[in-house]
Every structure is written in structure tokens, then in C-alpha cells.
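Listed below are the residues making up each chain.
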Amino acid sequence: MAIDQATVRKIASLARIAISDAEAAAMEGELNGILGWVEQLGEVDVTGVEPMTAVIPNKLRLRDDIVDADPLTGGNRRDDILANAPAPQHGFFGVPKVIE
Amino acid sequence: MTELTNLTVAQIRDGHRAGDFSAVEVAEAFNANVAGAKALNAFIVETPEHAIAAAKAADADRAAGTLKPLSGVPIGMKDLFCTNGVQTTAASHMLEGFVPRYESTVSQKLWDAGCGMLGKLNLDQFAMGSSNETSYFGNVISPWRRKDGGNAALAPGGSSGGSSSAIAARLCPAATGTDTGGSIRQPAAFTGISGIKPTYGRCSRWGIVAFASSLDQAGPMARDVRDCAIMLENMAGFDPKDATSLDLAVPNWEAALSSDLKGKTVGIPKEYRLEGIDPDIDAMWDAGIAMLKDAGANVVEISLPHTKYALPAYYIIAPAEASSNLARYDGVRYGLRDLPQGAGLQDMYAATRADGFGPEVKRRIMIGTYVLSAGFYDAYYTQAQKVRTLIARDFEQAFASCDVILAPTAPSAAFGLGEKMADPLAMYLNDVFAVPASLAGLPAMSVPAALNREGLPLGLQIIGKAFDEQGVLNAGLAIEERAGFTARAEKWW
């Protein structure tokens, strides 16, 4: 199913990527090329086939319920976490005003 | 004395241990090569001081009798691995200036083993690409040139193109790579080196910038099979911080290397014989079959009937996972922020992502967003995951009658920069032989096997059963010993 420029703009909006009209026009062709090509998957008979969920059989583990068991992924790392934030303020992530 | 930068990982390790040279001499020699190879653009950040510090520690450890497995070996680190205190960008504008406050599990293991870091290696942006032309920090150039008198710049492959170019040019004896759909194997083939993608889950993904989590797998790239085995031993291992990490002991792959393939059966997938493929590729493949027979293996034809659907399935699954993984780049927590005058939160997200992602990354996020969107999810994503099940089943059935599979790594030798950038689909086709093993999570490696008529390297791929890296390495070694591949790029940079 071919997509049009309105759909391209809709996808870009869902993906939170700003695009210009010229970019939307260019992407319409590119995305249709790729989507047209992947549509050949429709010809595969998948009756009774389960979609893959784990490429190598593995059990999902639970870790022991201990606070800060791993200091790297535990708590009390505020300054490390904020070190790469573009606009940290007062020990928080800063964002533009969201409530009037 | 042999030039230190011509030594392999094993030779550096053993020579250092024996007192033939100091680790500092080795680090200085490689640092000098790195500094003199700006024309290749293989590194995004050079870290000579890190290499020297590790070398000094290695020399001290030798004096104290406390040598580590890789003491004295300097390596290159793909700039997809987070390194504490050293910029990590995934070759993107989005992460330009991002300096992690933690270390990836794989890189930490290598430092703990005694390695030093020569620098962070360039790659395709977020590991999306097959030619290293999508990096925000410029193309990596292959040290190889066609023997046609021209000076056309060739692609080093991708996404681990900085790694492949640097190893082939003797800027480092080994490097880390990551492979989502061929990103270790195809660049290794393009530059006449070796590389192995282990079974999915062998190497921890913790601290590796995520692309497609069900496919991403780290692995080593080096000049020969032994070095790949040594490096992999020091990269692999269970990590509780990665939910898909395999809780298995790391085998001693190096000690068990054996090129005697008596009693082994090698499968040749008939679906990999592509019509109209470069005759040099088929000739190399036939020569590889003869080499494995010579090593004692029995050779049989096998069938992997869903091969032609692997690439389209990959180009649904990988972008779908990427669109989800890359949602984290929002201009709030780390990385770039683009806040147009008067913009609100939503506009900031959109502006930041428009500015921070390159065209190929945007393309894949868009594809992924589309195939996961309401109304299309089942037709695209669920169908692709079902086809993925069938592809894995193909391999399972094939391995009932063989131990390893032999195929070309890529459908061509290295192409010129710019030759395929205009057509995303033509670029994707580069990974036609590499993607099936990725979708099935299987170990696979590329070893250099021949030069084509233009004097460019070609690689053979060995695919093994899950967890059987040893079988893959052994078949690779059998080819390496017989191919006698000693060609190297003539220095022009």
C-alpha cells in the first residue's frame, strides 16, 4: 500500500521529527520504495507459525530485591545522571514550560 | 626487529610477556600510526594517553609478575561503546559531546584484561549503514585501492568501518565491533581482515548505544582467527545488567583452536548462489569449499528456503526496534537540544530530532514508526517476526545435517564511496548474506580468502550452530591456513 505525503507527515509527527515539505516529498519516494520491497513478505505462508520472541531461548531473570545491589544502576547518582543533560536546573532536568 | 605495528595480538601479548619489547614501545608505535593516518578518518577521538597509561601498567605488572591476559595490547574501541570520561557519539550529532559517566561491560572487561585504548573508532551513524558514509564525523576511507591506477576512495564497509580501516592500515592490532545485520563481517571482508559475531547474548549489550536490541551483538575484529578467539574470550561473559545475556561459562576458544576438520560436515546453502553475482565471489566460494575438504571436512549441499525473505524481514524488524530505542533522544536527559525561540516541549523534541539525526537514521525511524503504527503492526511487524521464526527454523533443520555453513560474506568487493548512497535499497543488499545469521542469533565470522581481479579483498563467511563459536573459529582457521592471505593495502595515507 503506497503512502502519500500526508502519511509521511503523520509518521514524522508520531516519530517527533520535524520535516519540511521538501523532505516529505523526498521521503515519500524513498519510503514507498522500501515498503514496496518489504511487502514481498506477504507471499510467505506463515500458517501456524508463531512470531519470534527470543532469538536464543533464555529465561527472564529476576534480581534479588536489594536496594543499590549494583552501585552503577542503583540510586544516589543524581549528579552523574545530570552531567550530560543539556539544561539541568536545581538538580532536575530542565524543559520548556509545559503548563500555562 | 619486526615493526611492532605489524604484530598480531598474540604476538604482542607473547612478546611482551617474554620481554622482547615493552608495552610502552608498542603503544607509542601504534599511537604514531594513528596520528599519521588522519586521511583515513578512522578515529573520532584519539586517546594516546589512555594507551600509554595502560602500557605503563602492563610493564609494571610484568616486573611484578602479575601479567593479565592482554597486558601490553592496545586496541581500538568502536564509538558505540560507552567509555567513562571519553566522548561517545555513535557517530551522531545527537550525541556529540556526550561523555558517559560509566563504562560499557565489554570495554570494561578489555581494560580489566590489560588492554589500552588507542581511541574511539568512527562508524555509521547509530551503526546504521554498510559503507561508513552516514557518520556525522565524515566518511571513513578504506586503506585499500583498486589496482587500476585510479585513486578512487573505497568504502571500508559498515557499520564498523573505522574498526576495519584501522586494523587493515595497522593503526591497531584489534578492535571492537558490533554486528546487527553484518556490521562486523561485511567491513572485515571489505578490508581483508577477520571478525566474528558470537551467538546472540555472549557479549553483554550493557553500555552499547542501542540500535536493534534483538539483533545487536558485540564481537572482535582483528587480523587473524587466533586474535579473534583471544579478543572474544576477553569480551564475552555473563552480565546481570543485560536481560538477554547468556549465563554460560566462556570457553577457552584460543586453546581449543584446531584446523583439523575430520569428521565435520560443512553445508553449502544453495539459495546463496545468486544469479548474476560477481564471478569472483563464486570462484572464491568454490575455492573455500576445496580448502575445507582439504582440511578433512565432508561437504554437503543444504537448503535455507527462506533466505530471500531475510533482508526484507530485517528491514522491518531492525527499524522497528530502532524507532523504539531511539525514542530516548529527546533533548532532555542527554545529548543535543534544539529549542527554537518560543517553542514548547513537543516542538523541542521534533526540532532536536530533526537536527540530531542524519538522513539514514531518520529514514529507519520513520519506517519503524510506520510498521509499528496502529493498523499496520500485524501486516508488517508480526509478519516479519513470523518469517524470522521460519528463517531460524531453516538453520535448525540445516544443522541436522551439517556442523557449519560456508558462504560468501558479501555479494561484492568494496565499492567506491558515493556509489550506493543515492539508493538505500542497493545499499541494503550488501548485507544479503550476513543478515540471515543475525536474525537467527547464530555465531558467524568472516575471514579473508582471496583478492578479486581489481586486487581487492574478498571474505568467506562461516556460520555455526548457536553457542558453537569454536566450530566457526576452527573452520575459519582451516581457511586462513590454506588461503595464505598476506596481501595488505599499500600505504598512501
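Reading the values: the criteria
- Residues numbered from 1 in each chain as written.
- Chains lettered and ligands numbered in written order.
- Predicted model: local features only at pLDDT ≥ 70, side-chain atom pairs only at ≥ 80, totals over all residues.
- Helix = DSSP H or I, 4+ residues; strand = E, 2+ residues; numbered from the N terminus.
- Rg over C-alpha atoms; globule rule 2.2 N^0.38 Å.
- Pairing = 2+ DSSP bridges.
- Right-handed = clockwise from strand over helix to strand, strands pointing away.
- Axes fitted to C-alpha atoms, helices over the stretch in contact; angles between N-to-C directions.
- Parallel < 35°, antiparallel > 145°, perpendicular 65-115°, else oblique.
- Left-handed = near helix turned anticlockwise from the far one by under 90°.
- Contact = placed C-beta atoms within 7 Å.
- Nonpolar A, V, L, I, M, F, W, Y, C, P; charged D, E, K, R; others polar.
- Buried ≥ 20, exposed ≤ 12 C-beta atoms within 10 Å, placed from the backbone.
- Core = buried A, V, L, I, M, F, W, Y, C linked by C-beta atoms within 7 Å.

Next up on the list: the overall build of chain A. Of the regular secondary structure elements, chain A holds three helices and two strands. Its helices and strands in sequence order give chain A the pattern α-α-α-β-β, from N to C terminus. Its C-alpha atoms give chain A a radius of gyration of 23 Å, more than 25% over the compact-globule value 13 Å for 100 residues. Dimensions of chain A, computed from C-alpha atoms along their principal axes, come out at roughly 50 × 45 × 25 Å.

In the case of a regular strand, side chains alternate between the two sheet surfaces. Residue and element names in this part refer to chain B. Pairing geometry for strand β7 (residues 265-269) and strand β8 (residues 298-302), over five bridges, is parallel. Bridged to Gly267 within β8 is Val300. With respect to chirality, the unit in which β7 leads through helix α8 (residues 279-294) into the neighbouring parallel β8 is right-handed.

When two helices pack together, their arrangement is given by the angle between their axes and by how far apart the axes lie. Residues and elements named next belong to chain B. Interhelical geometry of helix α9 (residues 310-325) versus helix α12 (residues 377-398) gives an angle of 125° and a closest axis separation of 9 Å. As summarised for this structure, α9 and α12 are arranged oblique, according to the angle between their axes. Between α9 and α12 the crossing geometry is left-handed. Here α9 contributes Ala310, Ala313, Ile316, Ile317 and Ala320 to the contact with α12, which in turn contributes Tyr380, Tyr381, Ala384, Gln385, Val387, Arg388 and Ile391. Of the residues belonging to the contact of α9 with α12, the class tally is 10 nonpolar, one polar and one charged.

With that settled, the discussion passes to the packing of α8 of chain B against helix α15 (residues 469-483) of chain B. All names here are of chain B. Close contact between α8 and α15 brings their axes to 9 Å; oriented N to C, the two are set at 105°. By the angle between their axes, α8 is roughly perpendicular relative to α15. Between α8 and α15, the contacting residues are Gly288, Met291, Leu292 and Asp294 on the first element and Ala475, Ala478, Ile479, Arg482 and Ala483 on the second. Residues of the contact of α8 with α15, tallied by class, amount to six nonpolar, one polar and two charged.

On the side of chain B, 58 residues touch chain A, which itself brings 42 residues to the contact. Going through the elements one at a time, α1 (5-14) and α2 (21-38) of chain A are the ones with two or more residues in the side of chain A that touches chain B. Considering every element that reaches the side of chain A that touches chain B, the biggest residue donor is α2 of chain A, with seven residues.

Glancing now at unusual backbone geometry. Residues and elements named next belong to chain B. Residue Ser159 is bonded to the preceding Gly158 through a cis peptide linkage, with omega at 10°. Here Ser159 is to be found in the loop between β3 (116-121) and α5 (161-168). Residue Ala90 is not a glycine yet carries a positive backbone phi of 55°. Turning to its location among the elements, Ala90 is positioned in the loop between β2 (74-78) and α4 (105-112). On the basis of neighbour count, Ala90 is assigned to the buried category, with 31 C-beta atoms found within 10 Å. One non-glycine residue, Asn132, lies in positive phi territory at about 60°.

It is worth spelling out the nonpolar core at this point. Soluble globular proteins tend to pack their nonpolar side chains together in the buried interior. All names here are of chain B. Among the nonpolar cores identified, the biggest contains 177 residues, and Ile75, Leu292, Ala313 and Ile316 are the most heavily contacted of them. Here the element with the most residues in this core is α9; it accounts for 10 residues. Discounting chain neighbours no more than four positions away, the residues touching Ile75 are Leu110, Cys115, Met117, Leu118, Cys172, Ala174 and Ala175.

Once that is clear, we can look at the environment of Ser130 of chain B. Residues and elements named next belong to chain B. Counting through the fold element by element, Ser130 comes out in the loop between β3 and α5. The exposure class of Ser130 is buried, given the 28 C-beta atoms found within 10 Å. Linking Ser130 and Gly161, residues 31 residues apart in sequence, is a C-alpha distance of 8.3 Å. Ignoring any residue separated from it by four or fewer positions in sequence, one finds Ser130 in contact with Gly157, Gly158, Gln186, Met427, Asn430 and Asp431.

Here we come to the pairing of strand β5 (residues 194-197) of chain B. Residue and element names in this part refer to chain B. Alternating residues of β5 divide into Ser194 and Ile196 and Gly195 and Lys197, and every residue in both groups is buried. Bridging between β5 and strand β6 (residues 217-222) involves two bridges; their strand directions are antiparallel. Across the sheet, Ser194 pairs through a bridge with Ala222, a residue of β6.

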